[in-house]
Every structure is written in structure tokens, then in C-alpha cells.
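# Observations on chain architecture
Residue strings, one per chain:
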Amino acid sequence: MVHLEGLPVISRKHVFTAAAAVALSVAVTGGANAQSRDQIRAVGSSTVFPFTTAVAEAFGKGGKFKTPVVESTGTGGGLKLFCAGVGPSHPDIANASRRIKKSEVEQCAANGVTQITELKIGFDGIALAYSKKAPEVALTTAILWKALAKEVPVDGKLVANPYKKWSDIDPKLPNAEIEVLGPPPTSGTRDTFNELAMLEGCKKTPEVKAVVADEKAREKVCMTIREDGGYVEAGENDNLIVQKLNANPAAFGVFGYSYIEQNRDKLQSAKMDGVDLTAPNVASGKYELSRPLYVYVKNAHAGVIPGIREFIAEFTSERAVGDEGYLADKGLIPEPKDARDAARTSAVNLTPLQL
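Summarised in this report is the structure supplied together with it. What you see is a predicted model, and the numbers here were worked out from it, not measured in a lab. (Residues numbered from 1 in each chain as written. Predicted model: local features only at pLDDT ≥ 70, side-chain atom pairs only at ≥ 80, totals over all residues. Heavy atoms only, no water.)

### Concerning the environment of T140
Locating T140 in the fold gives a position in the loop between β5 (138-139) and α5 (141-148). Judged by its relative accessible area of 24%, T140 falls in the partly exposed class. Sequence separation of T140 and E288 is 148 residues, and the distance between their C-alpha atoms is 9.8 Å. Other than its neighbours up to four places away in sequence, T140 contacts M272 and D273. A polar contact is formed between the side chain of T140 and the backbone nitrogen of I143, at a distance of 3.0 Å. (Helix = DSSP H or I, 4+ residues; strand = E, 2+ residues; numbered from the N terminus. Buried < 20%, exposed > 50% of the residue type's maximum accessible area, 1.4 Å probe, protein only. Contact = heavy atoms within 4.5 Å. Polar contact = N/O pair within 3.5 Å; in protein donor to acceptor, adjacent residues only side chain to side chain.)

Have a look at this one:
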């Protein structure tokens with residue numbers, strides 16, 4: 001699997017102007033004290049939420065700064081808040097379970113958020129989890145696509161998904177209603193699931209290409225999820241999904257590896273194309289539904305909102321993201337040492353993002 005390190009570089013750099021910096025400083029420390037903040041505020045991905053929360057708690061225990069406020073809003077929702085503007089009414093940090101999109105960077109720039117530091121904090125695997133009360137299940141991305149696509153090819157044409165049970169797709173699968181609880185469109189997990197599971201599973205179904213020749217039209221078909229109850233948007237509350245899976249052993253849930261690790265007593269994860277969801281398989285890319293996780297920092301707020309540089313230094317420290325770090329205990333899969341060192345340098349220098 002190819003991760004996102006090697007993307008092309010845009011030659012234009014966004015520069016935060018001195019005038020804007022002065023305006024922000026005045027808004028925070030000048031006559032607008034009622035609107036100022038002395039606490040870091042982070043928003044975004046429910047997958048990254050427990051990691052950022054753990055760092056926030058460790059940071060707050062240091063006693064020099066207040067414990068940051070961390071909100072779980074979903075990746076898309078968090079980046080929308082992050083990119084809405086500069087100043088104390090806007091968040092300082094965005095957590096993301098996918099890389100920021102070019103359109104989001106442009107939206108940031110349009111609202112004055114013209115320098116962003118990107119930190120890749122580690123890796124995560126997307127689990128197709130189910131109750132430990134149920135027998136073990138092995139899936140493939142092709143089976144998953146057939147189970148969840150809105151339309152599938154039958155007898156040379158696209159039709160509304162006729163598969164109601166897993167056994168309708170493959171007699172070896174459970175004779176149970178297809179029910180997958182997953183995140184909404186605002187979630188980075190949903191975006192990644194669409195790309196790594198739906199699109200890749202569709203590509204492994206040659207009948208689709210025979211029916212839909214146009215590549216863009218085919219991609220849309222591939223990533224459009226059924227709306228007849230087979231896929232249930234369960235919001236951003238992963239703990240609620242865990243409870244529902246425990247109550248219904250026939251259902252599956254879509255969420256990050258860390259939640260499997262925290263709920264091994266209740267849940268198990270389906271093999272995907274014959275590969276188990278394990279930390280080594282995710283880090284190597286052998287497990288297909290693996291992805292990097294990100295934290296984005298609004299550079300304009302550093303030195304104005306107290307503790308931002310110190311917080312990201314904690315986040316990128318070996319005691320947090322290292323092989324034996326406290327985030328590994330939470331389920332984060334560490335990057336290789338050289339990549340961690342590079343991320344730390346980027347954090348310390350607040351190196352602006354270049355897509």
C-alpha cells in the first residue's frame with residue numbers, strides 16, 4: 001500500500017501577514033479580553049480524538065498550561081471549523097483521519113488561515129468489527145463492496161442492490177441480514193472507507209467495468225453506498241457503535257483499530273482478504289484498510305494562544321508517539337523512527353504545509 005508522503009509539492013507558499021498577526025494578538029491580548037482564550041482548543045476526527053485527549057491530559061498535568069479542550073466533530077466538520085478563520089473564536093488544532101484536501105486548504109486560505117503545520121502522528125487500520133459472541137468471519141473488499149454498494153451489476157446491467165443477506169453474496173458467509181453500522185459522510189473514516197474498501201472492492205469486481213465504461217461514472221458507482229438499511233449511519237460516537245454490536249451479534253461496525261484494541265473483550269475484527277488486523281500488518285500496509293492519521297496546527301495562533309508549541313512538542317515526543325509511547329497503549333500504530341523524527345522537526349519549526 002502507498003501512503004501519502006510522496007505527494008507533489010505546490011510551488012506557491014501561503015504566508016500569514018504581519019498585519020494579520022498583529023490583529024490576532026490585539027484580539028486576544030488587547031481590549032477584547034472577553035473573547036480571548038487561555039486554553040488550546042482542538043476539534044475533528046473521532047478516531048484521533050482519544051489520542052489527542054491523552055496528549056492533552058499529559059500536557060495539562062505538567063502544570064504550566066491548562067489542559068486543552070478536545071472535541072469530537074468528525075474530520076470534515078473539524079476542518080470546516082478550523083478553516084473558518086483566525087482568532088480566539090476559531091480552533092487552534094484539527095484532528096484528521098485522512099489528509100486535508102486541496103479544497104480545504106483553499107477554504108482555509110480564503111478565510112485568512114494561510115499557514116498550517118501538518119503532523120502525521122502514526123497509522124490506523126479500519127476495522128470491520130463484530131461481536132465476540134458471533135463465529136469468526138473472513139471478508140474481502142469485493143464482498144464488502146457487493147454488500148454495501150447502492151447499485152451492483154446483475155446480468156450485464158446495474159440494478160438496485162438485491163443482496164439482503166451475506167449468504168446471498170457467498171453461501172459460505174453468515175445467513176444473516178446485511179447490517180453495517182458506520183460513520184457519516186463528514187467523517188474521515190468514511191472517506192477512507194470509501195477509497196480503500198468501496199473503490200478497491202469495486203475494482204476487483206470486473207463486471208462493473210464492463211457495465212460502466214466511463215471511469216468517472218464508474219468511480220461514482222463504486223463509492224455510492226446503499227440507503228435501504230444495509231448501511232446505517234451511526235454518527236461519530238464509536239462507543240455507541242460498540243454497544244450496538246454487542247447487542248446484535250449479526251451486525252458489523254466500521255471504525256478504527258484503536259477501538260478494537262480497547263474493546264477486545266467484546267469485539268473481534270473480520271479478516272480482510274485473508275489478512276488479520278494487527279499493528280504490524282497495518283504499519284507495513286499488508287492490511288489493505290490502513291491509513292495515516294494527522295493533526296493540523298494553525299500557525300497564526302502559536303505564541304498567541306498559550307502553549308501551542310509546547311503542546312505539539314509533547315504530541316510528537318517519543319514518550320507519546322514512540323514505539324513504547326503512551327499513545328501506542330491507546331492503539332496508535334507508530335511510524336518508523338526516522339519519520340517520527342521528521343515530524344518532530346516539522347512541529348518544532350512549525351513548517352508550513354505544502355501539498
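### Quick notes on the packing of helix α2 (residues 49-61) against helix α13 (residues 308-315)
Taken N-terminus to C-terminus, the directions of α2 and α13 make an angle of 115°; their axes are 10 Å apart at the nearest point. Considering how the two elements wind past one another, α2 and α13 form a crossing that is right-handed. Together, F51, T52, V55, A56, A58 and F59 of α2 and E310, F311, E314 and F315 of α13 make up the contact between the two elements. For the contact of α2 with α13, a count of residues per class yields seven nonpolar, one polar and two charged. (Axes fitted to C-alpha atoms, helices over the stretch in contact; angles between N-to-C directions. Left-handed = near helix turned anticlockwise from the far one by under 90°. Nonpolar A, V, L, I, M, F, W, Y, C, P; charged D, E, K, R; others polar.)

### Examining the nonpolar core
Grouped together as the largest cluster of nonpolar side chains are 53 residues, with contacts concentrated most on L128, L139, W166 and F193. Other than its neighbours up to four places away in sequence, F193 contacts I126, L128, L144, L148, M198, I225 and V254. With 28 residues, the next largest nonpolar core counts I93, V295, A320 and L327 among its residues. (Core = buried A, V, L, I, M, F, W, Y, C linked by side-chain atoms within 4.5 Å.)

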